[in-house]
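# Close look at the chain arrangement
Residue strings, one per chain:
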Amino acid sequence: MSLPAVLITGGTRGIGRACADALAADHHLIIGGRDARAVDRVCAELPSASPFVADLMDEDSTAAAIEALGIDRLDGLVHSAGISGGCPTEDSTRARWRAMLEINVVAVSEVTRLLMGPLVAARGTVVMINSGAGLLATGRGGHYPASKFALRALTDVLRQELRPDGVRVCSVHPGRVDTDMQRTMQAEAGRDYDPLHHLRPESVATAVRTALTATDDATYETISIRPAPAATNRPGGWV
């Protein structure tokens, strides 16, 4: 019997890589990323894995990479790829808005659309890695939270659309997670960085695995994860 297959975008680092590690023992993983060498390196470190190399900002690249997979069934799709950042509204540009929405929302919808047939065939599960910012808007300029609120709306609609076909759709909303992206965000904001005030990527991956391996009678629709109370003893620790 073949292993259930899960495609993870942004699977070479951070939350995406943690998800790969959490699923590796009993899944075939399709590791997504832009850097072919990084993707191949991760695939080589996993028991059963294959590459999915694409620039999700590029419509043609994405479509070609999905077609090249040649898959008829897909048990899980984890949308972990994304970008962060923002600036005060007075410094904002249309280009900044377009880039944020393109990768965090439009690419998610497009990848899901292109893989809808295999997901329906397997009665699979789609997991969106959203953010605490998708529940409460904070920051500067609204770029990142706006994209995550939009992703939340997309998730709700997809859940309704795909429910009749037996496909489950889950939205995972972590607070701050100890990743390279988070370190960059905090540095740009001029804040000191302490990993103990953040979730570990592995904690988020546990929630993702739970959603992907739910029993037949259950579906996890929205999972909100925050650092434990001991990690939130300073202002902003819950965001």
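Preceding this section is the structure that the text describes.
These lines cover the structure that appears in this document, whether it is placed above or below. Along each chain, residues carry numbers from 1 onward, in the same order as the chain's sequence is written. Under the rules for a predicted model, residues below a pLDDT of 70 receive no local features and side-chain atom pairs below 80 are neither given nor counted, while totals for whole chains, interfaces and linings still include all residues. Here the side-chain values reflect all heavy atoms present in the structure, with hydrogen atoms and water set aside.

### Looking at the overall build of the protein chain
Here a helix means four or more residues in a row that DSSP labels H or I, a strand means two or more in a row labelled E, and each is numbered from the N terminus. Of the regular secondary structure elements, the protein chain holds eight helices and seven strands. Each residue is assigned to one of three classes by its accessible area relative to the maximum for its type, calculated with a 1.4 Å probe on protein chains only: buried under 20%, partly exposed between the two thresholds, exposed over 50%. By the burial criterion, 44% of the 239 residues in the protein chain qualify as buried. For the protein chain, restricting intrachain contacts to residue pairs at least 6 apart in sequence, the fraction spanning at least 24 positions comes to 62%. All accessible-area figures derive from a Shrake-Rupley calculation using a 1.4 Å probe, and residue coverage is judged against the displayed protein chains alone. For the protein chain, the computed accessible surface area is about 11800 Å², with 51% contributed by carbon and sulfur atoms. Should any heavy atoms of two residues lie within 4.5 Å, those residues are considered in contact.

### A short note on the environment of Val 157
Within the secondary structure, Val 157 sits in helix α6 (residues 143–162). For Val 157, a relative accessible area of 44% translates into the label partly exposed. Counting along the chain gives 12 residues from Val 157 to Val 169, while the straight-line C-alpha distance between them is 9.5 Å.

### Observations regarding helix α2 (residues 36–44)
For α2, the full list of buried residues reads Ala 38, Val 39, Val 42 and Cys 43. In an axial view of α2, the angular spread of the buried residues amounts to 135°, which keeps them on one side of the axis. In α2, those exposed residues whose orientation departs by more than 90 degrees from the buried face are Arg 37, Arg 41 and Ala 44. Considering only its buried residues, α2 is in contact with α1 (14–23), β2 (28–33) and β3 (49–53). What the arc covers is the set of directions going from the helix axis to the C-beta atoms.

### A short note on the packing of helix α4 (residues 94–114) against α6
Working convention: axes come from line fits to C-alpha atoms, limited for helices to the stretch in contact. Angles between N-to-C directions cover 0 to 180 degrees. α6 packs onto α4 with a crossing angle of 20° between their chain directions and a minimal axis gap of 9 Å. The orientation of α4 relative to α6 falls into the category roughly parallel. Where α4 crosses over α6, the handedness of that crossing is right-handed. For the pair α4 and α6, the contacting residues are Arg 96, Trp 97, Met 100, Leu 101, Asn 104, Val 105, Val 108, Ser 109 and Thr 112 in the first and His 143, Tyr 144, Ala 146, Ser 147, Lys 148, Ala 150, Leu 151, Leu 154 and Leu 158 in the second. Here the nonpolar group is Ala, Val, Leu, Ile, Met, Phe, Trp, Tyr, Cys and Pro; Asp, Glu, Lys and Arg are the charged ones; every other residue, Gly included, is treated as polar. Across the contact of α4 with α6, the residue classes tally to 11 nonpolar, five polar and two charged. Reported orientations rely on four angle classes, namely roughly parallel under 35 degrees, roughly antiparallel over 145, roughly perpendicular from 65 to 115, and oblique for the rest. By the definition used in this description, the sense in which the near helix is turned from the far one sets the handedness, with an anticlockwise turn below a right angle giving left-handed and a clockwise turn giving right-handed.

### What to know about the nonpolar core
The set of buried Ala, Val, Leu, Ile, Met, Phe, Trp, Tyr and Cys residues whose side-chain atoms join them within 4.5 Å is what this entry labels a nonpolar core. Among the nonpolar cores identified, the biggest contains 29 residues, and Ile 8, Leu 29, Ile 31, Val 78, Val 127, Val 172 and Val 208 are the most heavily contacted of them. For this core, the element with the highest residue contribution is helix α8 (residues 201–212), accounting for six residues. Residue contacts for Ile 8: discarding those within four places in its chain leaves Gly 16, Cys 19, Ala 20, Leu 23, Leu 29, Ile 30, Ile 31, Gly 32, Val 78 and Ser 80. Grouped together as the second largest cluster of nonpolar side chains are 26 residues, Ala 65, Leu 74, Leu 77 and Val 126 included.

### Thoughts on unusual backbone geometry
At Arg 123, a position not held by glycine, the phi torsion is positive, near 50°. Considering the arrangement of structural elements, one finds Arg 123 in the loop between α5 (116–122) and β5 (125–129).

### Here we look at the pattern of salt bridges
Within this document, salt bridges are pairs made up of a side-chain nitrogen of Lys or Arg and a carboxyl oxygen of Asp or Glu, the two lying within 4 Å of each other. Overall, the coordinates contain seven salt bridges when judged by the stated rule. Across the salt bridge formed by Glu 45 and Arg 17, the nearest N and O atoms sit 3.0 Å from each other. Placement of the pair is Glu 45 in the loop between α2 and β3 and Arg 17 in helix α1, with a sequence separation of 28 residues. For Glu 45, a relative accessible area of 48% puts it in the partly exposed group.

### Some remarks on the packing of aromatic side chains
Pairing of aromatic rings covers Phe, Tyr and the six-membered ring of Trp, with a centre-to-centre limit of 6.5 Å; geometry is then stacked below 30 degrees between planes, edge-to-face above 60, and tilted otherwise. With the rule as written, the count across this model stands at zero aromatic pairs. In our convention, an over-ring charge means Lys NZ or Arg CZ found within 6 Å of a ring centre and within 35 degrees of that ring's normal. The residue whose ring lies beneath Arg 152 is Phe 149, and the NZ or CZ to ring-centre distance is 5.8 Å.

### Topic: the sheet that holds β3
If you trace the seven strands from one edge of the open sheet to the other, you get β3-β2-β1-β4-β5-β6-β7, paired in parallel fashion. One side of each edge strand has no neighbouring strand; the edge strands of this open sheet are β3 and β7 (222–225). Within the sheet, the average angular offset between the axes of one strand and its neighbour, ignoring direction, is 15°. In this fold helix α3 (residues 59–69) packs onto β1 (5–9), β2 and β3, with an angle of close to 155° to the strand it touches most, β3. Here the rule is simple: two strands pair whenever DSSP picks up at least two bridges between them.

### Quick notes on the environment of Val 105
On the secondary structure map, Val 105 appears in helix α4. Spatially, the C-alpha atom of Val 105 lies 9.2 Å from that of Arg 152, the residues being 47 residues apart in sequence. Apart from residues no more than four positions distant in its own chain, Val 105 is found in contact with Met 100, Ser 147, Ala 150, Leu 151 and Leu 154.

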